[in-house]
2 protein chains.
Amino acid sequence: MIRTTCGPTPSPDTGQHCPIAALSHFPQPHYTIVPQTTIADVFAAVQSGSVSQGVVPFENSSNGSVIFTLDLFADLAGRNPDILVCGEVYLGVHHCLLGRSKDAPEGQDAGTGRTTAEDVSGSPSPAKSRGKPLRDLGHITKLYSHHQAWGQCNDFLTTYFKGVERIDVSSTSKAAEIVQQDDSGCSAAISSRMAGELNGLEFLAENLEDNEGNSTRFLVLRRRRDDGTARPDGSAGAADGEAETDDEHARYKTLVSFTVRHSEPGDLAGCLAVFQKFGLNLTSINSRPSNEATWHYIFFVEIMGRKRHDGSGAVNQALKGLDGVAQSCRWLGSWENALEA
Amino acid sequence: MIRTTCGPTPSPDTGQHCPIAALSHFPQPHYTIVPQTTIADVFAAVQSGSVSQGVVPFENSSNGSVIFTLDLFADLAGRNPDILVCGEVYLGVHHCLLGRSKDAPEGQDAGTGRTTAEDVSGSPSPAKSRGKPLRDLGHITKLYSHHQAWGQCNDFLTTYFKGVERIDVSSTSKAAEIVQQDDSGCSAAISSRMAGELNGLEFLAENLEDNEGNSTRFLVLRRRRDDGTARPDGSAGAADGEAETDDEHARYKTLVSFTVRHSEPGDLAGCLAVFQKFGLNLTSINSRPSNEATWHYIFFVEIMGRKRHDGSGAVNQALKGLDGVAQSCRWLGSWENALEA
């Protein structure tokens, strides 16, 4: 679910299916959904202006950051200079094991397969796994899924599929398609309920994710406007010019990337101190290789608050301060906090 | 190369082959090498005391942190409470494309395959890739490697294998074994020179890595001693009790993990400020989901300097300070900086 990405264009047309429920953010009568194959394709579509907004996975609550997205924000090749984040969407993620059962029990509903058979796999420690088999799994010798899904279903895989071959494919929906075409019946996919229904596969197990609250955060991208802003439609928030309030800080988030001078590793602390100086709450930090030099990094910091268009406010001051300390820095957007909404 | 890991025990025995050149750190007459299948197995072997030291991959210069290792340091299940880092080893990583050529040219040396044929693949943009084909690659329809290797060879893969199926296996040496057993000749592995030679595969391309300086940092682990220290044999460094010098700070590194109170996101800045207060250079920061609550993180900070056994010194003071600000924190070891050596 988290790797098929889309860029929607505003239009009265609709009807094109997109597997990302994150697009519920974009009411269909007003947007046309333009599915893209990779996260890089979404960035490229937004940068080129062929779509007005894009949706990309940013982090999963169990499995951490989506490094492909971070690397596209790092933009070392200079391909996405005008990309800004203008929103976020949180979505619960539920993985299913899709395939074919070996000996179909009576009354089986091949489309959904939700019978009540329980733990017939003779697992050594099923208690550890949230997901329980609905069918015998002994004939499954090959699993297909997206890389991120393995990490989210670790308990289930360790309990029921230790040592079984795992094949990484480009998306969980692609995994379901491959399994649908395998007549041997010995392969299974970790994928979404929707992919199971679309491909007519049986549900061999459900809720495979380790954590009940397993969810993925998506970011909404748009192209920088001529005035340098990326204010999303309909989320103007507090008017510029008014004094900042604690409420305003809690209502918005801002993403910033920066690098420090290679010869001055102490600069990292100096850069982070800037945010503290202006009373800004850091909510996350990530680092990726900058590829500028070996063991040199680009840092991504998320803070509460927003950059104001009139230049006033703590985030604006911190960005100015950072500019004086960091080797390079870039504001990657401010948007409404969807978690508190 | 970076995922086959080993835990060596001191012994006069030797002779067991281990594919990690990182073990050059452990001169063979003095150590027995005990290969392990996964990074978790290395942690378990060191924790249980069945080996005296372990070697695990920590980060790659192109592809970033090894999240499996970070998660084992996070130790959310409480399985590795006594693991400490006591050293580091940097190793250059060179990937080869191993397989079988379609039409073996005259004079081909099947064992090494290093002929001088150049870029016969008709690639759309070979200039972008450092690695150039030594043989025709048109018959290769399936690639095997470890997940980390794809990220390190992105330019080569984009140039010559766009759209070709990639199968993720547990290690690059495992990838070479699988390709060796595939009689169709249509599969290839991204793996090491040594794996190619051991499996009698041809070198279809060399130096596939995007960056010439592509290298991996390994950490050396040992079990906490009864006195709480992890000073490695033969690296005692500056004597405790003496005043700290800049040289001492540059000679050592320290790894610390911490979590912040979920209700107080501002604590992250407070925790990081502690290191600055004591003049400690932060050299890297990583974060991973803590799994304690959704969107709660554990942070990993690397600083220059070392924890002194006598309790004096800036790192000791910072650890005390952190203890008062963080929700939880853990010293994960101090060791000699191998990059400056």
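Residues numbered from 1 in each chain as written. Chains lettered and ligands numbered in written order. Predicted model: local features only at pLDDT ≥ 70, side-chain atom pairs only at ≥ 80, totals over all residues. Heavy atoms only, no water.

## So, the nonpolar core
- Counting 50 residues, the largest nonpolar core has F258(A), L272(A), L282(A), F258(B), L272(B) and L282(B) as its most contacted members.
- Aside from chain neighbours lying at most four places away, what touches L272(A) is F258(A), L282(A), I285(A), V301(A), L272(B), L282(B) and I285(B).
- One finds L98(A), L98(B), A195(B) and L201(B) within the second-largest nonpolar core, a separate group that totals 26 residues. (Core = buried A, V, L, I, M, F, W, Y, C linked by side-chain atoms within 4.5 Å. Buried < 20%, exposed > 50% of the residue type's maximum accessible area, 1.4 Å probe, protein only. Contact = heavy atoms within 4.5 Å.)

## With respect to the sheet that holds strand β14 (residues 297–304) of chain B
All names here are of chain B.
- Within the open sheet, the four strands sit side by side as β13-β14-β12-β15. Their pairing is antiparallel. Edge positions in the open sheet fall to β13 (282–289) and β15 (328–336), since each of these has one partner strand only. Ignoring which end each strand starts from, the neighbouring axes of this sheet average 15 degrees apart.
- Here strand β12 (residues 252–259) runs beside β14; their pairing, made up of seven bridges, is antiparallel. Bridging across to β14, T254 finds its partner in I303. (Pairing = 2+ DSSP bridges. Helix = DSSP H or I, 4+ residues; strand = E, 2+ residues; numbered from the N terminus. Axes fitted to C-alpha atoms, helices over the stretch in contact; angles between N-to-C directions.)

## Remarks on the relation of the copies chain A and chain B
- Superposing chain A onto chain B requires a rotation of 180 degrees together with a translation of 0.0 Å along the rotation axis, leaving an RMSD of 0.1 Å. Here the two chains are linked by the operation of a two-fold rotation axis. (Least-squares fit on C-alpha atoms with pLDDT ≥ 70 in both.)

## Examining the pattern of salt bridges
Residues and elements named next belong to chain A.
- In total, this model carries 28 salt bridges over all chains according to the counting rule given.
- In this structure, the salt-bridge partner of D71 is R288, at a minimum N-O distance of 2.8 Å. Here D71, found in helix α2 (residues 67–74), pairs with R288, found in strand β13 (residues 282–289); they are 217 residues apart in sequence, far enough to count as distant.
- The partly exposed category is assigned to D71, whose relative accessible area is 31%.
- One network of salt bridges, in which partners are shared, links E59, E88, R217, K253 and E302. (Salt bridge = Lys/Arg side-chain N within 4 Å of Asp/Glu carboxyl O.)

## Quick notes on the environment of E177(B)
Residues and elements named next belong to chain B.
- The topology assignment puts E177 in helix α5 (residues 172–181).
- Residue classification places E177 among the partly exposed residues on the basis of a relative accessible area of 37%.
- On a C-alpha basis, the gap between E177 and G196 in space is 9.0 Å, while along the polypeptide they are 19 residues apart.

## A short note on the packing of aromatic side chains
- Inspection of every chain in the model, using the stated rule, returns 14 aromatic pairs over all chains.
- Note on F156(A) and Y160(A): the rings are 5.0 Å apart at their centroids and 45 degrees apart in plane angle, and the pair reads as tilted. Separated by four residues within a single helix, F156(A) and Y160(A) lie in helix α4 (residues 154–160), roughly one turn from each other. In this pair, the class of F156(A) matches that of Y160(A), namely buried.
- An aromatic cluster of three or more residues is present, and its members are F43(A), F58(A) and F73(A).
- Against the face of W331(A) rests K307(A), its NZ or CZ located 4.1 Å from the ring centre.
- One residue, R306(B), lies across the ring of Y252(B), its end atom 5.0 Å from the ring centre. (Phe/Tyr/Trp six-rings, centres within 6.5 Å; stacked < 30°, edge-to-face > 60°. Lys NZ or Arg CZ within 6 Å of the ring centre and 35° of its normal.)

## Considerations on empty space enclosed by the protein
- In this structure the tally under the stated criterion is seven cavities of 30 Å³ or more.
- What the largest cavity holds in volume is close to 350 Å³.
- The wall of the largest cavity is formed by 24 residues, among which S65(A), I67(A), R288(A), S65(B) and I67(B) lie closest to the centre.
- Counting only elements with at least two residues in the lining of the largest cavity, the list comes to α2, α3 (147–152) and β13 of chain A together with β4 (64–65), α2 (67–74), α3 (147–152) and β13 of chain B.
- A class-by-class count of the residues in the lining of the largest cavity yields nine nonpolar, 13 polar and two charged. (1 Å grid on protein atoms, 1.4 Å probe; cavity = no way out; pocket = protein on both sides within 12 Å on 5 of 7 lines; lining within 4 Å. Points joined across faces, edges and corners; volume = space filled by probe spheres on them. Nonpolar A, V, L, I, M, F, W, Y, C, P; charged D, E, K, R; others polar.)

## Some points on the interface of chain A and chain B
- The interface is formed by 42 residues belonging to chain A together with 42 residues belonging to chain B.
- At the boundary of chain A with chain B, total buried surface from both sides reaches about 3,400 Å², with 57% on carbon and sulfur atoms.
- Along the contact surface separating chain A from chain B lie zero salt bridges.
- Seen at the junction of chain A and chain B, the total is six residue pairs in polar contact (both at pLDDT 80 or more).
- Elements with a contribution of two residues or more to the side of chain A that touches chain B: β3 (53–60), β8 (165–168), β11 (215–223), α8 (267–277), β13 and β14 (297–304) of chain A.
- The element contributing the most residues to the side of chain A that touches chain B is β13(A), with eight residues.
- Grouping the constituent residues of the side of chain A that touches chain B by class yields 14 nonpolar, 20 polar and eight charged. (Buried area = accessible area lost by both parts, 1.4 Å probe. Polar contact = N/O pair within 3.5 Å; in protein donor to acceptor, adjacent residues only side chain to side chain.)

## Notes on the pairing of β13(B)
Residues and elements named next belong to chain B.
- With respect to burial, β13 is a largely interior element, seven of its eight residues being buried.
- Examined bridge by bridge, β13 and β14 share seven bridges and lie antiparallel to one another. Within β14, the residue paired with R288 across the bridge is I298.

## Here's the deal with the sheet that holds strand β10 (residues 202–205) of chain A
All names here are of chain A.
- Within the open sheet, the five strands sit side by side as β8-β7-β9-β6-β10. Their pairing is mixed. Edge positions in the sheet fall to β8 and β10, since each has one partner strand and no second. Each strand axis lies, on average, 35 degrees off the axis of its neighbour in the sheet, ignoring direction.
- Where strand β7 (residues 142–145) meets strand β9 (residues 187–191), three bridges bridge the pair, whose relative direction is parallel. Pairing of K142 across the sheet is with S187, part of β9.
- Across the sheet, helix α5 (residues 172–181) lies against β6 (96–99), β7 and β9, angled at about 155 degrees from β9, the strand it touches most.

## A short note on the confidence of the model for chain A
- Counting all residues, the mean pLDDT for chain A is 79, and 77% of those residues have values of 70 or more.
- Across residues 105–127 of chain A, where pLDDT falls below 50, the model places 38 contacts with residues more than four positions away in sequence or in other chains. (pLDDT = per-residue confidence, 0-100.)

## Some thoughts on the packing of α8(A) against helix α9 (residues 314–325) of chain A
Residue and element names in this part refer to chain A.
- Viewed as axis vectors pointing N to C, α8 and α9 meet at an angle of 165 degrees, and their least axial separation amounts to 8 Å. Judged by the angle between their axes, α8 and α9 are roughly antiparallel. Crossing geometry of α8 relative to α9 is assigned as right-handed. Here D267, G270, C271, V274 and F275 of α8 lie close against α9, whose contacting residues are A318, G321, L322 and V325.
- Within the contact of α8 with α9, the residues separate by chemical class into six nonpolar, two polar and one charged. (Parallel < 35°, antiparallel > 145°, perpendicular 65-115°, else oblique. Left-handed = near helix turned anticlockwise from the far one by under 90°.)

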